[in-house]
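Results of the structural survey
The residues making up each chain are set out below.
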Amino acid sequence: MNTPLSNPLDETPQYTESGLPVYVVLDTSLSMKDFEPLLNDTLESIHQTIVTSPQVQEFVHLSVLSFNSRAHVVTAMTEIDDVQRLPVVTCSGRTNFGPMIRLVRSRIEHDVPVLGSRGIQVLRPLVFVLTDGAPTDEQDLPGENWHDDLDELLDPGWKPHPNVITYGFGRARESVLRRLSTVAAFVAEEGGDNREALRAAMTSLLNSMVASAESHSLEVPTEVRGYRSVPLDVIFD
């Protein structure tokens, strides 16, 4: 599915080069421990595809974030071109969504002006979220509400509010994926292999980035092997 990309910085574009900020956000809670090697191998493949493809590298500006009990910057967007190999992610802790959502917003607030200062016409950021669990904020962070954080991130009045695509497997809940997503959400078919589900999700997001670079518009995946699409317009869960 082809979705035009809007420019959150300037209604009348004045740049000759456009760029898409992309945030790959990985659940690295303890339940993902068995997938550490696969997670790191596929992250490295994504990085290599970007740095060895001039067309993709010119258009896609990648940052990798992770979250468990806390949220972490694995690789900052402004550093990706200088990184020979991505840092290794490790899995532990809980699945707290609030810190992750706040980190995504703070990185967008930082990265969009930096890209713009480099003469890049910054298009609406794209966030991929991969998770195998349900939010544990209620137990870990009493008094905090990740839904409020999400409302701030997706606030239409905030110019660079991102497009969000989610992939859920394992214990991930459809209602959570639907709440996070703005353009597409996918949940792995029940009874499937979680390792294959993770591999398919990473392949899907990489293909989406490559296709978007080729068309200079957001190419939203319509099908993902082993997943079914979650309708985003459901009113009652």
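Being a predicted model, the structure only gives us computed values, none of them experimental. (Residues numbered from 1 in each chain as written. Predicted model: local features only at pLDDT ≥ 70, side-chain atom pairs only at ≥ 80, totals over all residues. Heavy atoms only, no water.)

Attention shifts here to the environment of Thr136. Note that Thr136 resides in the loop between β6 (126-131) and α4 (137-140). Expressed as a C-alpha distance, the spacing of Thr136 and Asn96, which sit 40 residues apart in the sequence, is 5.3 Å. Setting aside residues no more than four positions away along its own chain, Thr136 makes contact with Arg94, Thr95 and Asn96. Of note is the side chain of Thr136, whose polar atom sits 2.9 Å from the side chain of Asn96. (Helix = DSSP H or I, 4+ residues; strand = E, 2+ residues; numbered from the N terminus. Contact = heavy atoms within 4.5 Å. Polar contact = N/O pair within 3.5 Å; in protein donor to acceptor, adjacent residues only side chain to side chain.)

A separate point is the layout of surface pockets. In this structure, the largest pocket encloses a volume near 250 Å³. Of all the secondary structure elements, the ones that give two or more residues to the lining of the largest pocket are β8 (184-188) and α7 (194-215). For the lining of the largest pocket, the element with the highest residue contribution is α7, accounting for 3 residues. Here the residues of the lining of the largest pocket sort into 5 nonpolar, 5 polar and 8 charged. (1 Å grid on protein atoms, 1.4 Å probe; cavity = no way out; pocket = protein on both sides within 12 Å on 5 of 7 lines; lining within 4 Å. Points joined across faces, edges and corners; volume = space filled by probe spheres on them. Nonpolar A, V, L, I, M, F, W, Y, C, P; charged D, E, K, R; others polar.)

Our next topic: the packing of helix α1 (residues 36-52) against α7. At a minimum axis separation of 10 Å, α1 and α7 run at an interaxial angle of 15°. Here α1 lies roughly parallel to α7, going by the angle between them. As for the relative orientation of α1 and α7, their crossing is right-handed in sense. Taking contact as the criterion, the partners of Leu38, Leu39, Thr42, Leu43, Ile46, Thr49 and Ile50 in α1 are, on α7, Arg195, Leu198, Arg199, Met202, Leu205, Leu206, Met209 and Val210. Across the contact of α1 with α7, the residue classes tally to 11 nonpolar, 2 polar and 2 charged. (Axes fitted to C-alpha atoms, helices over the stretch in contact; angles between N-to-C directions. Parallel < 35°, antiparallel > 145°, perpendicular 65-115°, else oblique. Left-handed = near helix turned anticlockwise from the far one by under 90°.)

Along its 21 residues, helix α3 (residues 97-117) runs 31 Å from first to last C-alpha, staying within 8% of the 30 Å computed at 1.5 Å per residue. Positive backbone phi, approximately 80°, marks Gly119, located one or two places after α3. (Expected span 1.5 Å × (residues − 1).)

Turning next to unusual backbone geometry. The phi torsion at His216 lies on the positive side, around 55°, for a residue other than glycine. Looking at the secondary structure, you find His216 in the loop between α7 and β9 (218-219).

This next bit is on the packing of α3 against helix α5 (residues 146-153). Close contact between α3 and α5 brings their axes to 8 Å; oriented N to C, the two are set at 20°. One element, α3, and the other, α5, form an angle in the roughly parallel class. The chirality of how α3 crosses α5 is left-handed. Of α5, the residues touching α3 (which contributes Phe97, Gly98, Ile101, Arg102, Val104, Arg105 and Ile108) are Trp146, Asp149, Leu150, Glu152 and Leu153. Partitioned by chemical class, the residues of the contact of α3 with α5 number 7 nonpolar, 1 polar and 4 charged.

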